[in-house]
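What follows is each chain in one-letter form.
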Amino acid sequence: MKQSETAIRKHAGRRSFLRNSLAASAATVGVEMMSNGLSALGADNQEITEGDAAILRFLAAAEILETDLWQQYTELTGQDAPASGYKTGLIQLDGDMPQYISDNTDDEQSHELFINAYLKSKGAKTVDLEQFRTLEGSQVTDIPGVASRKRLTNLMQLSVDTSWWTRYRSDTQNPDFGDTFPNAVPTLAAGKFTAIPRNNAELEIGNTNVPVDTHVQAIANTAGFHFAFIEQGGTSLYASVAQRVSNVEVLRIVLSIGGTEIMHFQTWHDKAGNAVPLTDGALVFPDLTADIPQPETLQSNLIMPEPTIFLSKKFPVCSIIRPTATKGVATGAAKALTADGLFIGQTPDFFEFLNDLAEEADAAQREI
Ligand SMILES: [Fe+2]
Ligand SMILES: [Fe+2]
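About the thresholds
Residues numbered from 1 in each chain as written. Chains lettered and ligands numbered in written order. Predicted model: local features only at pLDDT ≥ 70, side-chain atom pairs only at ≥ 80, totals over all residues. Heavy atoms only, no water. Helix = DSSP H or I, 4+ residues; strand = E, 2+ residues; numbered from the N terminus. Buried < 20%, exposed > 50% of the residue type's maximum accessible area, 1.4 Å probe, protein only. Contact = heavy atoms within 4.5 Å. Areas by Shrake-Rupley, 256 points an atom, 1.4 Å probe, with all protein chains shown as cover. Expected span 1.5 Å × (residues − 1). Axes fitted to C-alpha atoms, helices over the stretch in contact; angles between N-to-C directions. Parallel < 35°, antiparallel > 145°, perpendicular 65-115°, else oblique. Nonpolar A, V, L, I, M, F, W, Y, C, P; charged D, E, K, R; others polar. Donors = N, O, S within 2.8 Å, 3.2 Å for Na, K, Ca; no water. Polar contact = N/O pair within 3.5 Å; in protein donor to acceptor, adjacent residues only side chain to side chain. Left-handed = near helix turned anticlockwise from the far one by under 90°. Core = buried A, V, L, I, M, F, W, Y, C linked by side-chain atoms within 4.5 Å. Phe/Tyr/Trp six-rings, centres within 6.5 Å; stacked < 30°, edge-to-face > 60°. Salt bridge = Lys/Arg side-chain N within 4 Å of Asp/Glu carboxyl O. pLDDT = per-residue confidence, 0-100.

Draft legend 1. Structural context of the overall build of the chain. What the chain contains, in helices and strands, is 12 helices and four strands. Counting across all 368 residues of the chain, residues that qualify as buried make up 51%. Contacts spanning at least 24 positions in sequence make up 77% of the contacts within the chain whose residues lie at least 6 apart. Within the structure as shown, the chain displays about 15,700 Å² of accessible surface, and the carbon and sulfur contribution to it stands at 56%.

Below you can see the structure in the form of structure tokens.
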């Protein structure tokens, strides 16, 4: 299922013309937008390279998958979802969780729709994953519509990598130097756990009692850490692919959307630290709050990135998002989402499609 490009050219002469006219072109966009209210879609009249289109297509696929998973969370615990033990469990992490969950979902959907619309405006192939919407989701029937919808992602058998927690607290290591980091919640990374209620018993519709049932709170805690896992991935993905973008408008898109992924991650990073300490079978959530003695690698209020090594150890440490190495980043992102368990039950065709998009994005080269 190789994606082919027909409408996108990358002639050297055309590119050097574009380079020379970049400043004038940018000014023209501003004038056009002021004079006739045109949106920025394709407003610069520049073609984009095959590489830029491939990068945007992988991002579009990632955003479609993000939208699908966030949509499931929103149906069960977003702003409009009814009160339940699960929702109460998430509110233990922060009283505003339902609002944040709904808003994160809106953001992902806007990213998906924007990137595909932009690709279309450039005559480039867009991304559609609807043929892979085959997975059964939660079988909750106490919230109408949930059980009947087919999904792209599986939130019920997750192995959530929580090493982002210690990675952002390290002041001596960086994954771009090959360093690896321990999990903050080792059992969550080791097993397979649901982040959503699979049935009415796990939802506990109408229940607002605190403390929440231990198993239901464990599901809510799992979601809390999963939110941050997903968004730290987006945080690194956008910064990493940005380094191989050619067209300055595409760079603007990648930087502007990537920034909101960072905002999402920062929010969820803060909330995950409020996960209620508990043991639910094999799943153990330690107490990460700051009011007990903690090593700095676990302290819950250290939510700003600790300055660490960056580019070369000869430089002073620097507060940065991490990793941001660009080589193989799309393939790495697809692998990380697969290892998360998000695609358990998906078809071989789905993996082939996603891997093709990732490989094409990773093959893109900066052409300016
Ligand atoms: Fe997004
Ligand atoms: Fe995101």
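Alright, that's what it looks like, and here's the rest.
Draft legend 2. Spotlight on helix α5 (residues 97-121). Between its terminal C-alpha atoms α5 stretches 36 Å, which fits the 36 Å expected from 25 residues at 1.5 Å a residue. Phi turns positive, to about 70°, at Gly123, one or two residues after α5.

Draft legend 3. Structural context of the packing of helix α9 (residues 214-242) against helix α11 (residues 329-339). The N-to-C vectors of α9 and α11 enclose an angle of 170°; their axes lie 10 Å apart at closest approach. Classed by the angle they form, the pair α9 and α11 counts as roughly antiparallel. The segment α9 lies against α11, with Phe229, Ile230, Leu237, Ser240 and Val241 engaging Val329, Ala333, Ala336 and Leu337. Taken together, the residues of the contact of α9 with α11 sort by class into eight nonpolar, one polar and no charged.

Draft legend 4. How the structure looks around the coordination of the iron ion (ligand 2). Here the iron ion (ligand 2) is held by Glu66 (OE), Glu108 (OE), Glu231 (OE), Glu231 (OE) and Glu261 (OE), and the distances to it run 1.9 to 2.8 Å. Separating the iron ion (ligand 2) and the iron ion (ligand 1) is a distance of 3.4 Å, and Glu108 donates to both of them. With Glu231 in helix α9 and Glu261 in helix α10 (residues 248-272), this residue pair connects regions lying 30 residues apart in the sequence.

Draft legend 5. The coordination of the iron ion (ligand 1), seen in detail. Within the protein, the iron ion (ligand 1) binds to Glu63 (OE), Glu63 (OE), Glu108 (OE), His111 (ND1) and Glu261 (OE); these donor distances fall in the range 1.9 to 2.4 Å. When the donors of the iron ion (ligand 1) are listed by position in the chain, the intervening gaps give E-x44-E-x2-H-x149-E.

Draft legend 6. View of the side chain of Asn247. Note on placement: Asn247 falls in the loop between α9 and α10. A polar contact of 3.4 Å, which involves the side chain of Asn247, links it to the backbone oxygen of Glu47.

Draft legend 7. Seen up close, helix α3 (residues 50-77). The end-to-end C-alpha separation of α3 is 40 Å, in line with the 40 Å expected for 28 residues at 1.5 Å each. With respect to burial, α3 is a largely interior element, 26 of its 28 residues being buried.

Draft legend 8. Examining the packing of α5 against α9 more closely. Two elements in contact, α5 and α9, have axes whose closest approach is 13 Å; the angle formed by their N-to-C orientations is 35°. Regarding α5 and α9, the two cross each other, and that crossing is left-handed. Across the interface between the two elements, Met97, Ile101, Asn104, Glu108 and Ile115 from α5 touch Phe227, Glu231 and Tyr238 from α9. Considering only residue class, the contact of α5 with α9 consists of five nonpolar, one polar and two charged.

Draft legend 9. Quick peek at the nonpolar core. Formed by 87 residues in total, the largest nonpolar core has its most connected members in Tyr73, Tyr86 and Phe225. Among residues more than four places away in sequence, those in contact with Phe225 are Val160, Thr162, Trp164, Trp165, Val185, Leu188, Ala272, Ala275, Phe285 and Leu288.

Draft legend 10. Geometry of the packing of aromatic side chains. Applying the stated rule across the entire model yields 18 aromatic pairs. A centroid spacing of 4.7 Å and a plane angle of 40° characterise the contact between Trp70 and Phe227, whose relative ring orientation is tilted. Residue Trp70 is found in helix α3, and its partner Phe227 is found in helix α9; the two are separated by 157 residues along the sequence. With a centroid separation of 6.1 Å and an interplanar angle of 35°, the aromatic rings of Phe225 and Phe285 are classed as tilted. You can see Phe225 sitting in helix α9 and its partner Phe285 sitting in strand β4 (residues 283-285), a full 60 residues away along the chain.

Draft legend 11. Examining the pattern of salt bridges more closely. This model, assessed by the stated rule, comprises nine salt bridges. A salt bridge links Glu75 to Arg151; the shortest N-O distance between them is 2.8 Å. With Glu75 in helix α3 and Arg151 in strand β2 (residues 150-151), this pair connects stretches of sequence that are 76 residues apart. You'll find Glu75 and Arg151 in the same group, each marked buried.

Draft legend 12. Examining the confidence of the model for the chain more closely. When pLDDT is averaged across the chain, the result is 89; 87% of the residues are at 70 or more. Low pLDDT, under 50, characterises residues 1-43; the stretch is placed with 59 contacts to residues that sit more than four places away or in other chains.

Draft legend 13. Quick look at the side chain of Asn174. Following the sequence through the fold, Asn174 ends up in the loop between α6 (163-167) and α7 (186-190). Here Asn174 falls in the buried class, since its relative accessible area comes to 1%. A polar contact of 2.8 Å, which involves the side chain of Asn174, links it to the backbone oxygen of Ile309. Those residues in contact with Asn174 that lie beyond four places of it in its chain are Asp179, Phe181, Thr308, Ile309, Phe310, Ile320 and Arg322.

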